[in-house]
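The primary structure of each chain is shown beneath.
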Amino acid sequence: MHAGDTAVELMKRSVAATHGPQVLGGVGGFAGLWDASALTRFTRPILATSTDGVGTKIAIAQALDKHDTIGQDLVGMVVDDIVVVGAAPLFMTDYIACGRVVPERIAAIVDGIARACAATRTALVGGETAEHPDLMAPDDYDVAGAAVGVVEADRLLGADRVREGDAVLALASSGLHSNGYSLVRRIVRDAGLRYDTRVEDYGTSLGEALLEPTRLYTADLLDVLDGPDGGAVHALGHVTGGGLAANLARVLPPGARVDVDRSTWTPTPVFTVLAELGGFPLADVEGAWNLGIGMFAVVEASAAARIAASLDAAGIRTWPVGAVEHAPADASYVQGAKGVDGGAVRLVGAYGV
């Protein structure tokens, strides 16, 4: 009980920094409160919700005893799914399960969550920390979160807006983000490496490169959506589990296909070194790692250059990788994903060098 109360006291300031006038009650209540009267400005508000975790990337944070970045990974996995439909996030809650509450560790995790919530304009309205001493080792933990956003009905993004001739833009990732870490850990283990090993191609230790936090796209994408070219954005695809082709295919309509040109970018060393260590051609890990693309944007071709320039100016390198066409797709394409009867995508050509 004392450790839990101490953890709450340590995190209160960072959590409170995410609160605007819509948040009621502060920190520590049984439920987070958010004043929904703010939605009266919408004609037909559509609520969007998403939930996720960080996966086995946590094992590397635990191995290095470094816990201040994993919270950003959690927010990226949850909130950047919400912006995919054009929604602005409203609030988020988190859940941390651990074998033993170490207040400073819990506070570091939540501080990372709070900083990322502030960066994505999301209120962190509540959370829960639970000790599971009979299920988890004392220094083990896992994190999960859920968020809610809102979008005006006539501004909802998705496959129904996509048209033939639309340009497909790639938005650069910051690294591995939070997917494919079971493969990463297997490669590191089989190579006999330690996470504190310095890797010259990375300029850091192996573990530091692998803990690079997930890039947050929400605020910059919302700025585009609220700007003069917002109506030209038809669909967004967040590159998470399932890799490149599958996550773009999910936001295309049936009958549409895209050839993503690998020659338009060069995967960064965090990917190439791991693939070489594991003995994998890069094409073999396109379903596990993002290989340098964290988000796709499907936009009107006439606005593509302006949208890319806006995102570049915000610090997100953005470039065209293909175009939407309506044509038959053979078995070389990934068609739909995760139960979605979507379009078809394949990667073509060779990666840039």
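Whatever comes next refers back to the structure up there.
**Student:** What am I meant to see in the sheet that holds strand β4 (residues 88–98) here?
**Tutor:** Sheet strands pair via backbone hydrogen bonds, and the direction of the pair is either parallel or antiparallel. The four strands are arranged β3-β6-β4-β5 in an open sheet whose pairing can be described as mixed. The open sheet has two edge strands with one neighbour each: β3 (45–53) and β5 (123–131). With direction set aside, neighbouring strand axes in the sheet form an average angle of 15°. Pairing analysis gives eight bridges linking β4 to β5, with the strands arranged parallel. Among the inter-strand pairings, isoleucine 96 is bridged to a residue of β5, identified as threonine 129. The strands touched by helix α3 (residues 70–82) within the sheet are β3, β4 and β6 (141–152), with β3 carrying the most contacts at an inclination of about 145°.

**Student:** In this structure, what is going on with the nonpolar core? I would like to understand it.
**Tutor:** Across soluble globular proteins, nonpolar side chains show a tendency to be buried alongside one another. Ranked by internal contacts, the top residues of the largest apolar core, which has 77 residues, are Leu210, Leu248 and Trp289. Here this core gets seven residues from one element, more than from any other, and that element is helix α4 (residues 103–119). In this view, leucine 248 contacts Val168, Val258, Val260, Phe296, Val298 and Val345; residues no more than four positions away in its chain are not counted.

**Student:** When you look at the packing of aromatic side chains in this model, what are you seeing that I'm missing?
**Tutor:** The geometry of an aromatic ring pair is captured by the separation of the ring centres together with the interplanar angle, meaning the angle of the planes. Throughout the structure, instances matching the rule amount to four aromatic pairs. Ring-pair connections join several aromatic residues into one group, and the members of that group are Trp265, Trp319 and Tyr351. Directly above the ring of tryptophan 319 sits arginine 317, whose terminal nitrogen or CZ lies 4.1 Å from the centroid.

Rules used throughout
Residues numbered from 1 in each chain as written. Predicted model: local features only at pLDDT ≥ 70, side-chain atom pairs only at ≥ 80, totals over all residues. Heavy atoms only, no water. Pairing = 2+ DSSP bridges. Helix = DSSP H or I, 4+ residues; strand = E, 2+ residues; numbered from the N terminus. Axes fitted to C-alpha atoms, helices over the stretch in contact; angles between N-to-C directions. Contact = heavy atoms within 4.5 Å. Core = buried A, V, L, I, M, F, W, Y, C linked by side-chain atoms within 4.5 Å. Buried < 20%, exposed > 50% of the residue type's maximum accessible area, 1.4 Å probe, protein only. Phe/Tyr/Trp six-rings, centres within 6.5 Å; stacked < 30°, edge-to-face > 60°. Lys NZ or Arg CZ within 6 Å of the ring centre and 35° of its normal.

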